[in-house]
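# Per-entry structural report
The chain contents come next:
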Amino acid sequence: MKCPYCGHEETRVLDSRVDSSGFTIRRRRECTKCKGRFTTYERYEFGPIFVIKRDGRREKFDRKKMLNGIMKACEKTSVTLEDMEKAVDTIINKLQKSGNLEVSSVEIGKLVMEQLKELNEVAYVRFASVYKDFREIDQFLEVVKELKNEK
Ligand SMILES: [Zn+2]
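Residues numbered from 1 in each chain as written. Predicted model: local features only at pLDDT ≥ 70, side-chain atom pairs only at ≥ 80, totals over all residues. Heavy atoms only, no water.

### Describing the coordination of the zinc ion
Distances from the zinc ion to its protein donors, Cys3 (SG), Cys6 (SG), Cys31 (SG) and Cys34 (SG), fall within 2.2 to 2.4 Å. Every donor counted, the 4 donor atoms about the zinc ion form angles of 106 to 116° at the centre, which fits tetrahedral coordination. Ordering the donors of the zinc ion by residue number gives the pattern C-x2-C-x24-C-x2-C. Residue Cys6 is located in the segment before strand S1 (11–18), and its partner Cys31 is located in strand S2 (residues 25–31); the two are separated by 25 residues in the primary sequence. (Donors = N, O, S within 2.8 Å, 3.2 Å for Na, K, Ca; no water. Tetrahedral: all angles 85-135°; square planar, octahedral: opposite > 155°, others 65-115°. Helix = DSSP H or I, 4+ residues; strand = E, 2+ residues; numbered from the N terminus.)

### Focus: the domain arrangement of the chain
With domains assigned, the chain is organised as domain 1 (11–42) and domain 2 (50–149). One C-alpha centre belongs to domain 1, the other to domain 2, and the line joining them spans 42 Å. (Domains from an automatic or database assignment.)

### Focus on the sheet that holds S2
The antiparallel open sheet is built from 3 strands, whose spatial order is S1-S2-S3. The open sheet has two edge strands with one neighbour each: S1 and strand S3 (37–42). On average, each strand axis in the sheet is tilted by 25° relative to the strand beside it, whichever way the strands run. For S1 and S2, the ladder comprises 7 bridges, and the chain directions are antiparallel. Across the sheet, the residue bridging to Thr11 is Cys31, located in S2. (Pairing = 2+ DSSP bridges. Axes fitted to C-alpha atoms, helices over the stretch in contact; angles between N-to-C directions.)

This is the structure we're talking about:
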């Protein structure tokens, strides 16, 4: 990495330490030519996740929005905020690990449903009813039936 002061190509690392979170490395460097000092950080690089909406629009993935959706579904259930946060993190980790950084909103909905199914049945059915946009009571009953069959 070039020196930011004189552009010299050679710098040496004076000190290198992992920060308290364990996720960042901080390095103090010195230019071998002008002796100028600077700091560099090494962090994980995750690309932003994009959501493709039903109408084809592309939108940057919004963690808060997903959490809000889950919170709504979990209203008046025993699911804790911590569980909800964990569910969101699990989904994000899955997406990042798969390297699939463009996901359809349908896929996102499925991932949320997967998580809610494990957390709470009421929340799951609530979310499903919004996500699947039930027009008829039959469709709704179908989901409830599926849920019972899987038990
Ligand atoms: Zn320099």
